[in-house]
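The primary structure of each chain is shown beneath.
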Amino acid sequence: MALSSRRRILGDRTGPRLAIGERLPWHTNIVRRIVLAIFAVFWVVPVIWLVLAPSKTDNELLDRAPLAWGSWEQLGETWTDLYSFNDGAILDWALRSLVYALTALVIAVGTSILAGYGLATRDFAGKRAILALTLVTMILPVSATVLPLFLGMNFVGLLNTPISVILPMGFFPFGTYLAYIYYRRSLPPSLLEAASIDGASHWQAFRKVGLPLSKPLLGLLAFLNFTVNWNRFFLPFVMLNSADTINLPVGLNALVQSTSALRPTFLGSTPIKRPEVALASLILAIPVAIVFILAQKYVITGSLTGATKD
Amino acid sequence: MRRVSRIEGFANDRRQAGTSRDLSGLAFTSSYLVLLVLFGVFPGVYAVFLLFAEFDQGTPRFFEAGLENFRIAFTDFRLGEVTLNLAKFLAVSVPLGVFLVTLLAVLLHMRRSRGAAVLRTLYFVPAALAGVPAVLLTIFMFDPNVSPFAPLLRMLGNESVVNTLSQGNLPTIFMIISFFAGAGAWIAIFYGGLNAVPQELIEASVVDGASPWQLAWHLKVPMIKPYIIYMLVIVFAGNVQLFAEPQVLKAAAVAPISPTWSPNQLAFSFAFELGLFGVAAVISLAMLIVGLLAAAIVLRFTDLFRT
């Protein structure tokens, strides 16, 4: 009884049991722990510094201990300074980033699910070509396509509009490929046949059979698409060129460039200094961090590794 | 036995018959197909035309340039420098990145405790800073005046951010940025792969007297080889495209850096500062070929697709 409950505590959660043989010799475990700890410092300390920095003044960043907390008042000051840049530009950038990423997400997930379902459950002329092109465009680097896209957008007069970044961000070949694999595995043809014998149209079969099965897939596609598109830099940097269209990453780049906030010897009169830049970076990172922590257990360790295995 | 085969044959027949004259598949795929043509096929094909196009005030004249774009790209005085920069960055970032990710995944996997799970999450969360924030944070971390690592930086002889971000250090700095934001996800993927190693094999090796290191080197690492190769290909292809890191470092202007440090920046400069889109297309194509060649070489000398 005691043994079995112990077993449950140790192992059953994610599978691997604590094997007898993997009891480590003490010296191995010390080396292991030191290395893991060094990398924990490498990853965690900069993040802690970034969280604390906006609570201090620029001078306090220089004088006080790097990981000291400043004050709530100063954090408020830092936000006021950051907000004062071009009359609240930071909020406009963030809002635009959100609108661009979410609109693209709806387009990307919608088209991927529909196409993946169609490719997995139907046979039609050109299907193989579509699958092959999907695989090719998946590995095509962004920088190779951005330039022709820029000229194309210029030709149709859409440069510097939200459409010029939303539509390319909504093209999601990797998502279509994942959806295709998912439906191939989880939808036996017999299930769809049963639906069509019952007189359901193709669309009804998708609504009643395909879609209810797609919950984990929807989550995975939304996660992958949002995390890539929220902090996109190169594409918007090329397509957008005015203060009333740029997103948060491009805005942050412009903020740093126009204020020289990070130059150690620069004595500018602008209120944008290092704490303000740290706060802006933090604002950019927070939505993705939240999504990561919520989805980490399910997406990263489960479905994603499952998707690349096989 | 006979009945089974008859049912299977029936199902196959139905599938063939029911789908051949059916447009519903195309209907489901149509919205994606529009995006695929506009943002996958069109840019790919147009890029080829650009290679031989001349530009007059932003208007393309196709096939007018002949091989002029190639001549301009390959005789540019900056080409040697940006290639060397990129080569140094790749030489540091790819092998070291893959080695450290493998090492950390194996170390975490040696004892699958609650602590190891917490560490995996901690390693992963900085991925939220990928892109511009990671570059800015790196500038802070390498500034001895504000960095929590200042004692270490000073010990290594750096008195100011101009020392730490000097030209010679940049390949390493860019490696650290990409590792900082990218490694956590790879560690999680490798860890998942290690979990799939059959427990019986591990136990059998331990009974045979294998140490944890031998176990890792002779059993676990070979078992996750497909993931390692996958990472090699993806990271190499991604790192060839280096752009945001040197670009943001340039914008921050904390230390002198060449305005065109990477090939991608050089292409960008040709396109948007000089309007020579054809020349930029040549450089983009060269980067694409380098990435594909590397992938082909890696796949040729490993047995990823031989099962």
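Residues numbered from 1 in each chain as written. Chains lettered and ligands numbered in written order. Predicted model: local features only at pLDDT ≥ 70, side-chain atom pairs only at ≥ 80, totals over all residues. Heavy atoms only, no water.

Looking only at helices and strands, one finds 15 helices and 2 strands in chain B. Restricting the contact set of chain B to residue pairs at least 6 apart, pairs at least 24 apart contribute 63%. Total accessible area computed for chain B in this model is approximately 14200 Å², and 67% of it derives from carbon and sulfur atoms. (Helix = DSSP H or I, 4+ residues; strand = E, 2+ residues; numbered from the N terminus. Contact = heavy atoms within 4.5 Å. Areas by Shrake-Rupley, 256 points an atom, 1.4 Å probe, with all protein chains shown as cover.)

All names here are of chain B. Contact pair helix α5 (residues 114-124) / helix α9 (residues 170-195): the axes reach a minimum separation of 7 Å and the direction vectors enclose 145°. Our pair here, α5 against α9, has a crossing hand that is left-handed. Residues R120, Y123 and F124 of α5 form the contact with α9, whose own contacting residues are G184, A185, I187 and Y191. Of the residues belonging to the contact of α5 with α9, the class tally is 5 nonpolar, 1 polar and 1 charged. (Axes fitted to C-alpha atoms, helices over the stretch in contact; angles between N-to-C directions. Left-handed = near helix turned anticlockwise from the far one by under 90°. Nonpolar A, V, L, I, M, F, W, Y, C, P; charged D, E, K, R; others polar.)

Turning to the confidence of the model for chain B, a few remarks are in order. For chain B, mean pLDDT is 87; residues scoring 70 or higher make up 91% of the total. Predicted confidence for residues 1-21 of chain B stays below pLDDT 50, and this span has 8 contacts to residues more than four positions away or in other chains. (pLDDT = per-residue confidence, 0-100.)

Tracing the backbone shows T29 of chain B in helix α2 (residues 24-50). In terms of polar contacts, T29 of chain B uses its side chain to reach the backbone carbonyl oxygen of G25 of chain B, at 2.7 Å. Leaving out residues up to four positions away in the same chain, T29 of chain B has contacts with A115, G118, L119, F124 and I130 of chain A. (Polar contact = N/O pair within 3.5 Å; in protein donor to acceptor, adjacent residues only side chain to side chain.)

Side chains of L285, I289, L293, I297 and F301 of chain B sit close together on the surface and give an oily, nonpolar patch of about 500 Å² of accessible area. Within the secondary structure, L293 of chain B is located in helix α15 (residues 277-300). (Patch = residues over 30% accessible without salt bridge, like charges linked within 9 Å, V, L, I, M, F, W, Y side chains within 5 Å. Salt bridge = Lys/Arg side-chain N within 4 Å of Asp/Glu carboxyl O.)

Here we come to helix α6 (residues 132-141) of chain B. Here α6 of chain B lies mainly inside the structure; 10 of its 10 residues are buried. V132, P133, A134, V135, L136, L137, T138, I139, F140 and M141 of chain B are the residues of α6 of chain B that are buried. (Buried < 20%, exposed > 50% of the residue type's maximum accessible area, 1.4 Å probe, protein only.)

Taken together, the contact between chain A and chain B spans 105 residues of the former and 103 residues of the latter. We note a salt bridge from D143 of chain B to R274 of chain A, for which the minimum N-O separation is 3.3 Å. Counting the contacts that link chain A with chain B gives 8 residue pairs in polar contact (both at pLDDT 80 or more). No other element matches helix α2 (residues 26-52) of chain A, which puts 18 residues into the side of chain A that touches chain B. For the side of chain A that touches chain B, a count of residues per class yields 70 nonpolar, 23 polar and 12 charged.

Here the focus is the pattern of salt bridges. Residues and elements named next belong to chain B. Applying the stated criterion across every chain yields a total of 9 salt bridges over all chains. Residue R61 is joined to D56 by a salt bridge in which the shortest nitrogen-to-oxygen separation is 3.7 Å. The partly exposed category is assigned to D56, whose relative accessible area is 37%. When salt bridges with common partners are traced through the structure, they connect E54, D56, R61 and E64 into a single cluster.

In this fold, E73 of chain A is placed in helix α4 (residues 72-84). Along the primary structure E73 of chain A and K56 of chain A are separated by 17 residues, whereas in three dimensions their C-alpha atoms are 9.3 Å apart.

What follows covers unusual backbone geometry. Even without being a glycine, D87 of chain A presents a positive backbone phi close to 55°. We classify D87 of chain A as exposed; its relative accessible area is 70%.

Under the criterion given, the structure shown has 43 aromatic pairs over all chains. Taking the centre distance of 4.9 Å and the plane angle of 80° together, the rings of F174 of chain B and W261 of chain B count as edge-to-face. One end of the pair, F174 of chain B, is in helix α9; the other, W261 of chain B, is in the loop between α13 (244-252) and α14 (263-272), with 87 residues separating them in the sequence. By relative accessible area, which is 0% here, F174 of chain B ends up buried. Put simply, the rings of F150, F233, F234 and F237 of chain A together with F55, F243, F268, F272 and F277 of chain B touch in pairs and so form one group of aromatic residues. Positioned above the aromatic ring of F270 of chain B is the side chain of R78 of chain B, whose terminal nitrogen or guanidinium carbon lies 5.4 Å from the ring centre. Between the NZ or CZ atom of R120 of chain B and the centre of the ring of Y191 of chain B, over which it lies, the distance is 4.0 Å. (Phe/Tyr/Trp six-rings, centres within 6.5 Å; stacked < 30°, edge-to-face > 60°. Lys NZ or Arg CZ within 6 Å of the ring centre and 35° of its normal.)

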